[in-house]
Protein chains: 2
Amino acid sequence: MAKYVYFFADGQTEGSGQMRNLLGGKGANLAEMTSIGLPVPAGFTLTTDVCTEFYKNNRHYPEGLTDQVKDALGKLEAQMGKKFGDPKQPLLVSVRSGARASMPGMMDTVLNLGLNDQTVQGIIDQSGDPRFAYDSYRRFIQMYANVVLEMEGEILEQLLEQMKEERGAKLDTDLTAGDLHQLVNLFKKRVQAELGQAFPEDPEEQLWGAIGAVFGSWMNPRAITYRKLNDIPAEWGTAVNVQAMVFGNMGDDCATGVAFTRDPSTGENYFYGEYLVNAQGEDVVAGIRTPQPINKAKYQQGDLPAMEDVMPECYGQLAKIRETLEKHYRDMQDIEFTIEKGKLYMLQTRGGKRTAHAAIRIAVEMVKEGLINEKEAILRVEPDQLDQLLHPSLDPKAKKQVIAKGLPASPGAASGKVVFNADEAEEQARLKQKVILVRIETSPEDIHGMHAAQGILTARGGMTSHAAVVARGMGKCCVAGCGALRIDYEKQQLTTAAGLVIKKGQVITLDGSAGEVIQGDVPKVQPEVSGDFATLMSWVDKFRRLKVRTNADTPKDSKVAREFGAEGIGLCRTEHMFFEGERIQAVREMILAANLDGRKKALAKILPMQKGDFIGIFREMKGLPVTIRLLDPPLHEFLPQTDDDIAELASSIGVGFSVLKEKVEELHEFNPMLGHRGCRLGITYPEVYDMQVQAIMEAACELVKNQGFQIVPEIMIPLVGHVNELAILRENAVQVSERVIEDYGVKVEYLIGTMIELPRAALTADEIAREAEFFSYGTNDLTQTTFGLSRDDAGRFLPDYVESGILPRDPFVAIDQSGVGQLMQIGCEKGRQARPEIKLGICGEHGGEPSSVIFCHKLGLDYVSCSPYRVPIARLAAAHAVLQEE
Amino acid sequence: MAKYVYFFADGQTEGSGQMRNLLGGKGANLAEMTSIGLPVPAGFTLTTDVCTEFYKNNRHYPEGLTDQVKDALGKLEAQMGKKFGDPKQPLLVSVRSGARASMPGMMDTVLNLGLNDQTVQGIIDQSGDPRFAYDSYRRFIQMYANVVLEMEGEILEQLLEQMKEERGAKLDTDLTAGDLHQLVNLFKKRVQAELGQAFPEDPEEQLWGAIGAVFGSWMNPRAITYRKLNDIPAEWGTAVNVQAMVFGNMGDDCATGVAFTRDPSTGENYFYGEYLVNAQGEDVVAGIRTPQPINKAKYQQGDLPAMEDVMPECYGQLAKIRETLEKHYRDMQDIEFTIEKGKLYMLQTRGGKRTAHAAIRIAVEMVKEGLINEKEAILRVEPDQLDQLLHPSLDPKAKKQVIAKGLPASPGAASGKVVFNADEAEEQARLKQKVILVRIETSPEDIHGMHAAQGILTARGGMTSHAAVVARGMGKCCVAGCGALRIDYEKQQLTTAAGLVIKKGQVITLDGSAGEVIQGDVPKVQPEVSGDFATLMSWVDKFRRLKVRTNADTPKDSKVAREFGAEGIGLCRTEHMFFEGERIQAVREMILAANLDGRKKALAKILPMQKGDFIGIFREMKGLPVTIRLLDPPLHEFLPQTDDDIAELASSIGVGFSVLKEKVEELHEFNPMLGHRGCRLGITYPEVYDMQVQAIMEAACELVKNQGFQIVPEIMIPLVGHVNELAILRENAVQVSERVIEDYGVKVEYLIGTMIELPRAALTADEIAREAEFFSYGTNDLTQTTFGLSRDDAGRFLPDYVESGILPRDPFVAIDQSGVGQLMQIGCEKGRQARPEIKLGICGEHGGEPSSVIFCHKLGLDYVSCSPYRVPIARLAAAHAVLQEE
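Rules used in this analysis
- Residues numbered from 1 in each chain as written.
- Chains lettered and ligands numbered in written order.
- Predicted model: local features only at pLDDT ≥ 70, side-chain atom pairs only at ≥ 80, totals over all residues.
- Heavy atoms only, no water.
- Pairing = 2+ DSSP bridges.
- Helix = DSSP H or I, 4+ residues; strand = E, 2+ residues; numbered from the N terminus.
- Contact = heavy atoms within 4.5 Å.
- Axes fitted to C-alpha atoms, helices over the stretch in contact; angles between N-to-C directions.
- pLDDT = per-residue confidence, 0-100.
- Patch = residues over 30% accessible without salt bridge, like charges linked within 9 Å, V, L, I, M, F, W, Y side chains within 5 Å.
- Areas by Shrake-Rupley, 256 points an atom, 1.4 Å probe, with all protein chains shown as cover.
- Salt bridge = Lys/Arg side-chain N within 4 Å of Asp/Glu carboxyl O.
- Lys, Arg positive; Asp, Glu negative; His and termini not counted.
- Charge placed at Lys NZ, Arg CZ, Asp CG, Glu CD.
- Buried < 20%, exposed > 50% of the residue type's maximum accessible area, 1.4 Å probe, protein only.
- Expected span 1.5 Å × (residues − 1).
- Phe/Tyr/Trp six-rings, centres within 6.5 Å; stacked < 30°, edge-to-face > 60°.
- Lys NZ or Arg CZ within 6 Å of the ring centre and 35° of its normal.
- Parallel < 35°, antiparallel > 145°, perpendicular 65-115°, else oblique.
- Left-handed = near helix turned anticlockwise from the far one by under 90°.
- Least-squares fit on C-alpha atoms with pLDDT ≥ 70 in both.
- Core = buried A, V, L, I, M, F, W, Y, C linked by side-chain atoms within 4.5 Å.

Peer 1: Hey, could you run me through the sheet that holds strand β9 (residues 292–293) of chain B in this one?
Peer 2: Adjacent strands of a sheet form backbone hydrogen bonds with each other and so pair up, either parallel or antiparallel. Residue and element names in this part refer to chain B. Taken together, 5 strands build an open sheet; the order of strands is β9-β8-β7-β10-β11 and the sheet is antiparallel. The open sheet has two edge strands, β9 and β11 (343–351), and neither has a second partner. Bridge count between strand β10 (residues 333–340) and β11: 8 bridges; the pairing is antiparallel. By the bridge assignment, aspartate 334 is partnered in β11 with arginine 350. Here helix α12 (residues 312–329) sits on the sheet and contacts β10 and β11; the angle it forms with β11, its principal contact strand, is near 30°.

Written out as structure tokens, the structure reads:
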């Protein structure tokens, strides 16, 4: 006969932590804790096989199950010295579901099962607290009626409310034991009336009812939908855990508490925890009573008596358990315990959540302690966590009034006076005022204002909107897509959903890591890159194979990135350079020129400035590889769009309003993302790319000639969809480069390559590789085109998609591996097939997102490139990728 | 020793028509004509191997070539009874390049080679026409200096112009023999001065010079670029053809002419042709002299003497050749001939171009004559040609003044008064006025005007712009993207590039097949679907495997399509229905509703109208499959965009201007193509799709119940990118459908499927197929996303891309097989892998384009769907696909 029930109790356990598939996550954990000798309340697990058989056999349990449950129940009673249904020493149990992975939509928990009019007396006798006993009883009826008997929860809740009203009670706790006793009777009557059957008094009937409810809930519509969306097979099934209840609130020899084996916020190696005498677990969490410290390790004035003084024996036992746990799990643990009548029970242990600081300190110290090795230490720190360490953040102790929530678009925190346009931001910054730039959305025209501001707040746009991308590139805090704000440029004010009006000049604070907008100024703490952080990162670099470059457009960004460990520039966008100072004038002159000569004249003005940019960047990068992308955005981005701005520009450059307006209209596009941009501009106006290539090569030649620098510029052509585009532009670039090299009389090598950012480029990568010495995946645009999804417009539905599980994650944050990733893989395979030595990298925003970095490692890319402030994250993720393979 | 030279002459030929790779296209043709006994002027071909060897050996000819050429030249002299360089009977030759495929950028032709100061005397003696002799000589020098000696063509041209000026001559023909003789001397002096060497007088030197120029031109930059863009390997090489010149203008026993073995415009089986006594080939074409008919088959009053009367012997020979040719080539031929001193020479024969009428008649009659079989007949008619037969067209004999050219967006011809807005078009139509709707571009708001107009003219937009797509769907003539027109709505006029102003109410004519805009009214001819056409189509249906459906949104379109042979509807767009009459009001009400209840109320008004639409269409299709696509476009397409229109709507529905304006702004999208549309709307507003599904199923149930109709509606969900979208919407649709079926108490089957129009859908087709019973490739959007190319914006560069060969064809016209097609293939393979019985079709515009239809056949799709007027084209292409495989 198959074994369907696994028993666990002090000293004897039939399952183990490895049997997750059979026992579910919760059941396996209980078995594991028991097997290492922790005093876990005894119980047993009905396996997932029962669930599978149940559905195979048209909702009938497999043969032998009843007997196996009976046996286990008997052992449980013996173990606890209590009896199911016994009026003196009643055994109460909890019944919980437990699939391999936790799953919403399923029945979760029934507590206090086994209570009836007889056993409630036993509880009263044991606890000496009738109010506690009847409160437990009425809660049990409510819970059972709702989740097992499937009665509307509202119905009994209303009876409770009615009772409170009659008694003039504000809180549940204002009801007396008598009230609750009466309520129990009312509840039972009502159940009878609603369902036409009595509430089950027989504990065994109760038990089978609850077990049946768990298995039944596996096929709930919500659970089915969840499995469908998350690709979980129905065959997995769920397990059911039945466990003895223990109570920390049966008298002063009872207690309950939570603890961490090390300090979760600093990582310091001492036993950290809190407890309450005569209390339930909820009481510690709910904050109704002030919890007491478990020990005096960090005793402070005013602290209540510590557990080590009040219950020295139990504390001694707990302290030993702490050691056992750290040795067994080799990681900091978060534990829950209960003491029932002087006996310690462990309810839970799991890896403890910790701050980034703590994670690093614990990992590094555990290596020193010989508990783990360097590789394990690396895997203990989540790459995303590092983000906390790389930006100033709000003082966690400070009070704050959050007035709106948006997307955490660029981490860090900043306070300043609200301004509503870029010019004003710049002006205020000149007057040494700190400002927050607030816009409905930003455009390239706002860049100078974004530079000047402390932080950026927008009402529209997603995680990869213009504001978000640029802010992250600048390492500047940004809250984007704060849709609930109404921004009124005319009145120069913003209004929150709650109707609060913030006028120009009032101070707000942004928390870019949490996406919060806060009224007034909130104190901040500066990031500390501690010695442990440096130690960890030195280990990281020993293991990773993927190189990490940065996306940087200026010498300043390049410097920051190098300090964070960047090994080159993977994306230097040249269009941002086009907006600065007087250049925008020359750029506009070029756009408005009637013919080639006019354009060339304007380009000649830009050439020396571009060359200067590249010299600065090459110098800062000291010979590391630098990939420069030629002009990418559509030309209309360089022209003003509103009539006022057009009029201003028209008069400033001495062109008629209507001429300029006509040009702006002529350049208008329905779908600029899919329009006349990238290499399409290079084909139409070869002179623009020629100028840029000339600037790049002159900068390189000049440094090589005069300063003895080694530089191999990587010239990158964007938005190639067909090999012929690249063939033509490559030929042009080679001609210009060779001419410059000849003029300077030096030897400079250079590479010419392309972005792979259109599906067609990935699909025909074999053809394209014939003309490209390197590929760089532009995963922002590749995601947009593969999904047919504009990141600027997706705000209307993408958040819903992610929340409801239609998409597992926002594809603009983490690479969509099955779609976009599939194209990347096709691109890699075909590219290498045509040119085995081709260099492969990624320069989309995803290059700094850990799961995407790991994916890139698996694809065998040579490098990832990300914004300067994410370089350490990418380095750590790259090491994770290697270590996860081992 | 390898054979490098292939000789051909009356009765002896070393090559054949099969040796295209070795002899090039031209050389193979000459060999073929000779081998079937045609009197071709003798000559010889230097093989492509010579070219390959030439470049392998650092531009040296292979050993033995000189001798082989000498031998061949000797045979040629013997054959022609003339001698190279002989002052009495000089042999003149032409030298032509000839690769496997004709290729721009290469040296084309040198004529009259062999002329010098001695041999020109021989020509004078033979022709008795010194003017002709010297004119030939000076032309030879010009041509040779330019293409062989690589002198600027301008230089000698200027000397000619100078001479004409001095002589007061208007035309070249006004110069005398003396003038031309003098010019020859001037030319030679100038060549000496420019190049520092004399013009070669030695015919052999001339010959080797020309041969070298042909081989040299194979590596011209232009030729290299062309090969690169068209994927032609450099190793193919070119051949060189040297052929004796013959002259039809050496006296009255000479002549030249062109003929077709059947009438190329009607297809009638008689010998059709024209000739001129004592003339060159150019004279017939140039129209300086009026050519004479070759026979009296269709003699008309005023016709000049026929060749059969004037040169009966030669005509007899020619008539026999006609028979030989038709028997040999089994197709109508287009021939060129020359008679030199009573001897007939065949210069060329090739498959003759013909009208669609002629193509069909010839094909059908040749089957009756036993010349070809049905399969061959089908292959003789180009599917695209049928377009001519399916629309009214301009009377080819009518005079017309073309004032602008745009894209031939939707075939047919129409005349009418110019109007500049849709309402006016409708009003004029009500007054029985024929109008042409002229817009900068059209939007869904213009549809009623497009319906009312005879034809549509737009200044912007490509072959798949809104105007073009809708017009083709309506079978209405349209010229789109006529960029040179300036359209001024305010002044209600348009201005052509030449400055011609056409005001509202003036009449213009559109030729949608040619893309021409013509001043005034031009007479038209109605299409004639002759009996031969029907015969051919019946053969077509015997062989094709691909089904052909139609894209139709109305009962009227459905009817037209069935008459053209459609076997179902592959795409019924429901959004067009949303614009009609009072519905647009209800649609707007729904969009503006503040909540679900409001939306449901508005949808309830639309439901009965939608149901009526579907009943009409189901009835018309008589049980054939009908695929209905649920709402696809973004909601803002249903709202007005300009302030004036917003104000008008606001007052008509009693909503504040600012409320409506705000909604319009809220719905604004940066990239609507990639925005909140398709199934994304269905996810956000499930009630909209629910209403549509209800309308479809009620219509089906009602017909099944009351009229005993068999209907299996195919419900199509658009723009799916992730299987989860489809899973949810499918579930909703099933629920609604089952409810309706239960309500009606009838048995109706239905299919639920999706468009594959995003790269991600194709890439994850295995997942999607789990939820889809059919796929329909939406190749319009799939092309846009795969290329990252907005069809509405591509007009700025796509035409250049096609013209310069960067893209072989416009991917919105013919499926881009290597990119978009690759995704389709991935989709088919993965889809079938997950669901072997899945139904596969295409409903993009490509479904009516022959090369795309053939591609779909190769992919193994079940059907293609196209606009009603292209159904016969798709049927024919589908048959071609099968026959090409055999």
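Peer 1: What's the story with the confidence of the model for chain A in this structure? I'm lost.
Peer 2: Detailed reading of the predicted model is not advised wherever pLDDT is low. Model confidence for chain A is summarised by a mean pLDDT of 91, while 98% of its residues fall at 70 or above. Among the prediction metrics, the complex's ipTM stands at 0.82, with pTM recorded as 0.83.

Peer 1: Help me understand a negative patch on the surface, please; the structure alone is not making it clear to me.
Peer 2: All names here are of chain A. Negative charge collects at one region of the surface, where Asp423, Glu426, Glu427, Asp644, Asp645 and Glu648 lie side by side. Listing elements by their share of the negative patch, those giving two or more residues are α15 (422–430) and α23 (643–653). With respect to the element layout, glutamate 648 can be found in helix α23. We classify glutamate 648 as exposed; its relative accessible area is 56%.

Peer 1: Is there a simple way to think about the pairing of β10 of chain B in this case?
Peer 2: Working note: regular strand, side chains alternate between the two faces of the sheet. Residues and elements named next belong to chain B. Most of β10 is tucked away: 7 of the 8 residues are buried. The sheet contact formed by strand β7 (residues 255–260) and β10 spans 6 bridges and is antiparallel. The residue of β10 that forms the bridge with phenylalanine 260 is aspartate 334. Linking β10 to β11, which pair antiparallel, is a turn of 2 residues; within it lysine 341 sits at a positive phi near 50°.

Peer 1: What am I meant to see in helix α18 (residues 531–543) of chain A here?
Peer 2: Working note: α-helix, 3.6 residues per turn, so residues spaced by three or four point in the same direction. Compared with an ideal rise of 1.5 Å per residue, which puts 13 residues at 18 Å, α18 of chain A spans 19 Å between its outermost C-alpha atoms and is within 8% of the ideal. Summarising the contacts, the buried residues of α18 of chain A are in contact with α13 (356–368), α14 (374–380) and α34 (871–885) of chain A.

Peer 1: Where do I start with the packing of aromatic side chains in this structure?
Peer 2: Note on aromatic pairs: each is described by the distance of the centres and the angle between the planes. If you walk through the whole model with that rule in mind, you get 30 aromatic pairs over all chains. Where phenylalanine 132 of chain B meets phenylalanine 247 of chain B, the ring centres are 5.4 Å apart and the plane angle is 80°; that geometry is what we call edge-to-face. Linking phenylalanine 132 of chain B in helix α5 (residues 130–147) with phenylalanine 247 of chain B in the loop between β6 (239–244) and β7, this pair joins segments that are 115 residues apart in sequence. For the pair phenylalanine 132 of chain B and phenylalanine 247 of chain B, a shared accessibility class is recorded, and that class is buried. Relative to tyrosine 272 of chain B, the ring of tyrosine 270 of chain B has its centre 6.3 Å away and its plane inclined at 70°; by these criteria the two rings are edge-to-face. Residue tyrosine 272 of chain B is classed as partly exposed on the basis of its relative accessible area of 32%. A cation over an aromatic ring shows up here: arginine 100 of chain A above the ring of tryptophan 236 of chain A, its NZ or CZ 3.9 Å from the ring centre.

Peer 1: What should I look at first to understand the pattern of salt bridges in this one?
Peer 2: In a structure, side chains of opposite charge can pair up when their charged atoms sit close to one another. Residue and element names in this part refer to chain A. A complete count under the given rule lists 117 salt bridges over all chains for this structure. Here glutamate 53 ties to lysine 56 by a salt bridge, and the two come within 3.7 Å at their closest N and O atoms. With glutamate 53 and lysine 56 both in helix α2 (residues 48–56) and 3 residues apart, the pair spans about one turn of that helix. Glutamate 53 sits in the partly exposed class, given a relative accessible area of 23%.

Peer 1: Just checking my understanding: could you explain the packing of helix α19 (residues 555–563) of chain B against helix α21 (residues 596–621) of chain B for this structure?
Peer 2: Packed helices, taken two at a time, are described by the angle their axes make and the gap between the axes. Residue and element names in this part refer to chain B. Viewed as axis vectors pointing N to C, α19 and α21 meet at an angle of 15°, and their least axial separation amounts to 8 Å. Judged by the angle between their axes, α19 and α21 are roughly parallel. Here α19 runs over α21; the crossing is right-handed. Across the interface between the two elements, Pro555, Ser558, Lys559 and Arg562 from α19 touch Gly616, Ile617, Glu620 and Met621 from α21.

Peer 1: Help me understand the relation of the copies chain B and chain A in this model?
Peer 2: Overlaying chain B on chain A yields an RMSD of 0.2 Å, the required transformation being a rotation through 180° with an accompanying axial translation of 0.1 Å. Expressed as an axis order, the relation between the two copies is that of a two-fold axis. The rotation axis passes nearest to the C-alpha of asparagine 671 of chain B in chain B, at a distance of 2.2 Å.

Peer 1: I tried to follow the environment of threonine 535 of chain B on my own but got confused; where do I start?
Peer 2: In this structure, threonine 535 of chain B sits in helix α18 (residues 531–543). For threonine 535 of chain B, a relative accessible area of 28% gives the class partly exposed.

Peer 1: How do you make sense of the nonpolar core when you look at a structure like this?
Peer 2: Most often, soluble globular proteins have nonpolar side chains that are buried together. Counting residues in hydrophobic clusters, the biggest one holds 280 residues, and the most contacted among them are Leu386, Phe618, Met824 and Leu861 of chain A together with Leu386, Phe618 and Met824 of chain B. Listed in part, the 73 residues of the second largest apolar core include Phe54, Leu73, Ile232 and Met250 of chain B.

Peer 1: What should I look at first to understand the sheet that holds strand β19 (residues 486–488) of chain B in this one?
Peer 2: Residue and element names in this part refer to chain B. Strand order in this open sheet of 3 strands is β19-β20-β21, and the pairing throughout is antiparallel. Edge strands, defined here as strands with exactly one partner in the open sheet, are β19 and β21 (501–503). On average, adjacent strands in this sheet sit at an angle of 15° to one another, irrespective of strand direction. One ladder, built from 3 bridges, connects β19 with strand β20 (residues 493–495); its direction is antiparallel. The partner of aspartate 488 across the bridge, within β20, is glutamine 493.

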